[in-house]
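Below are the chains, spelled out letter by letter.
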Amino acid sequence: MVIILRQTIAQRLIDINALKVNVQEPFTWSSGIQSPVYCDNRLTMSYPDVRQTIAKAFVNEIKGLDVDVIAGCATAGIPHAAFVSDQLNLPMVYVRSKAKGHGLKNMIEGKVDQSERVVVIEDLISTGTSAIKAAEALREQGCHVVKVLSIFSYGLNEAEDNFKEAGFEYESLVTFDDVASLLTTNGNITEKEREQVLNWRDDLVLS
Ligand SMILES: O=P(O)(O)OC[C@H]1O[C@H](OP(=O)(O)OP(=O)(O)O)[C@H](O)[C@@H]1O
Ligand SMILES: O=C(O)c1cc(=O)[nH]c(=O)[nH]1
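Definitions and limits used
Residues numbered from 1 in each chain as written. Chains lettered and ligands numbered in written order. Predicted model: local features only at pLDDT ≥ 70, side-chain atom pairs only at ≥ 80, totals over all residues. Heavy atoms only, no water. 1 Å grid on protein atoms, 1.4 Å probe; cavity = no way out; pocket = protein on both sides within 12 Å on 5 of 7 lines; lining within 4 Å. Points joined across faces, edges and corners; volume = space filled by probe spheres on them. Helix = DSSP H or I, 4+ residues; strand = E, 2+ residues; numbered from the N terminus. Nonpolar A, V, L, I, M, F, W, Y, C, P; charged D, E, K, R; others polar. Near = heavy atom within 4 Å. Polar contact = N/O pair within 3.5 Å; in protein donor to acceptor, adjacent residues only side chain to side chain. Sits in = over half its atoms within 2 Å of the grid points. Buried < 20%, exposed > 50% of the residue type's maximum accessible area, 1.4 Å probe, protein only. Contact = heavy atoms within 4.5 Å. Patch = residues over 30% accessible without salt bridge, like charges linked within 9 Å, V, L, I, M, F, W, Y side chains within 5 Å. Areas by Shrake-Rupley, 256 points an atom, 1.4 Å probe, with all protein chains shown as cover. Salt bridge = Lys/Arg side-chain N within 4 Å of Asp/Glu carboxyl O. Lys, Arg positive; Asp, Glu negative; His and termini not counted. Charge placed at Lys NZ, Arg CZ, Asp CG, Glu CD. UniProt positions renumbered as here; feature names shortened; annotations may be inferred. pLDDT = per-residue confidence, 0-100. Expected span 1.5 Å × (residues − 1).

Right, let's get into the layout of surface pockets. Empty space among the atoms becomes apparent when a probe as large as a water molecule is rolled across them. Size it by volume and the largest pocket reaches roughly 410 Å³. For the largest pocket, the lining is made up of 20 residues, of which Ser30, Arg42, Leu124, Ser126 and Ser130 are closest to its centre. Put simply, the parts of the chain that give the lining of the largest pocket at least two residues each are β4 (37–39), β8 (117–125) and α4 (129–140). The class makeup of the residues in the lining of the largest pocket is 9 nonpolar, 8 polar and 3 charged.

As structure tokens, this is what we get:
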């Protein structure tokens with residue numbers, strides 16, 4: 001990962017207010033975890049410079065790999081998979097969180113063939129459950145999932161264990177640690193809030 005892109009993305013996530021901290025009223029994550037931090041990567045698509053920097057960083061990660069198809073995780077991974085697949089001139093699919101209940105009842109939308117090599121693009125990894133589910137759907141279809149990439153990750157041990165157990169490689173452009181120090185430097189949160197947030201994350205990492 002090119003360091004300058006990592007720092008730019010971390011800073012821009014803060015600038016566009018994607019990073020939200022609320023120690024008093026925690027956010028509920030999709031896993032049910034109550035968290036004082038929420039990173040809304042969906043905002044990034046509304047800022048051309050941000051989404052282009054993210055796409056550039058993803059392309060850097062992918063270009064050395066032998067890849068046939070880019071897969072986006074529904075919903076927040078989809079626009080980024082589209083930007084990246086367009087830059088690489090590769091086919092794209094997206095993977096729903098669950099199979100559609102009507103119509104063709106697909107979980108994977110678009111065309112991907114057995115034995116094709118796929119990179120999965122997710123916006124964010126907390127526990128890794130959503131990204132792993134998407135990767136597993138592709139594997140069940142006979143694809144080879146080369147790697148799972150995300151914009152942001154909290155660096156939780158749970159995610160690492162889940163990916164290891166599922167047998168997928170993963171990597172993120174930016175981690176919680178990248179943004180935590182910037183948040184205080186920029187005055188977005190107080191030193192006390194930073195301590196609370198870091199303690200919370202470290203407790204989660206250790207649990
Ligand atoms: O690593 P995990 O514990 O699975 O959590 C991360 C997932 O949670 C969020 O999705 P959300 O369910 O909010 O849906 P969305 O992408 O449709 O907005 C996020 O976009 C990831 O997909
Ligand atoms: O785990 C989640 O659901 C989650 C965390 C977060 O910071 N941002 C987000 O969009 N989802």
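On to the site of ligand 2. Neighbouring ligand 2 are the residues Trp29, Ser30, Tyr38, Cys39, Arg42, Leu124, Ser126 and Tyr154. Ser30 is positioned with one of its backbone polar atoms (N or O) 2.7 Å from an oxygen atom of ligand 2. Between ligand 2 and the protein, one listed contact pairs an oxygen atom with a side-chain N or O atom of Ser126 at 2.6 Å. In a pocket analysis with a 2 Å cut-off to the grid points, ligand 2 is assigned to the largest pocket. A class-by-class count of the residues in the shell around ligand 2 yields 5 nonpolar, 2 polar and 1 charged.

Let us now look at helix α3 (residues 78–88). Those residues of α3 that sit buried are Pro79, His80, Ala81, Val84 and Ser85. Structurally, α3 contributes buried residues whose contacts are with α2 (48–62), β5 (69–73), β6 (92–95), β8 and β9 (144–153). Where α3 terminates, the next one or two residues include Asn89, which has phi positive at roughly 55°.

All right, on to a negative patch on the surface then. Taken together, the side chains of Glu158, Glu160, Asp161 and Glu165 define an acidic patch exposed on the protein surface. Locating Glu165 in the fold gives a position in helix α5 (residues 157–166). Judged by relative accessible area, Glu165 falls into the exposed class, the value being 73%.

The subject of this paragraph is the UniProt feature "binding site: orotate" (unreviewed entry) in the protein chain. Per the UniProt annotation, the sites labelled "binding site: orotate" (unreviewed entry) are Ser126. Assignment of secondary structure puts Ser126 in the loop between β8 and α4. The class of Ser126 is buried, set by a relative accessible area of 13%. Residues in contact with Ser126, not counting those within four places in the same chain, are Trp29, Tyr154, Leu156 and Ala159.

This brings us to the confidence of the model for the protein chain. With 99% of its residues at a pLDDT of 70 or more, the protein chain shows a mean pLDDT of 95. The complex prediction reports pTM at 0.96, with the ipTM value standing at 0.98.

Okay, the site of ligand 1 next. Within the structure, ligand 1 sits among 14 residues, and Thr75, Asp123, Thr127, Gly128 and Ser130 are positioned closest to it. Separating an oxygen atom of ligand 1 from a side-chain N or O atom of Glu122 is a distance of 2.8 Å. Taking Ser130, its side chain carries an N or O atom lying 2.6 Å from an oxygen atom of ligand 1. A molecule is said to occupy a pocket when more than half its atoms come within 2 Å of that pocket's grid points, and by this definition ligand 1 occupies the largest pocket. The element that contributes the greatest number of residues to the shell around ligand 1 is β8, accounting for 4 residues. Along the lines of polarity and charge, the residues of the shell around ligand 1 split into 4 nonpolar, 7 polar and 3 charged.

Between the first and last C-alpha of α2 there are 21 Å, a value that for 15 residues agrees with the 21 Å anticipated at 1.5 Å per step. Here α2 has its buried residues at Val50, Thr53, Ile54, Ala55, Ala57, Phe58, Val59, Glu61 and Ile62.

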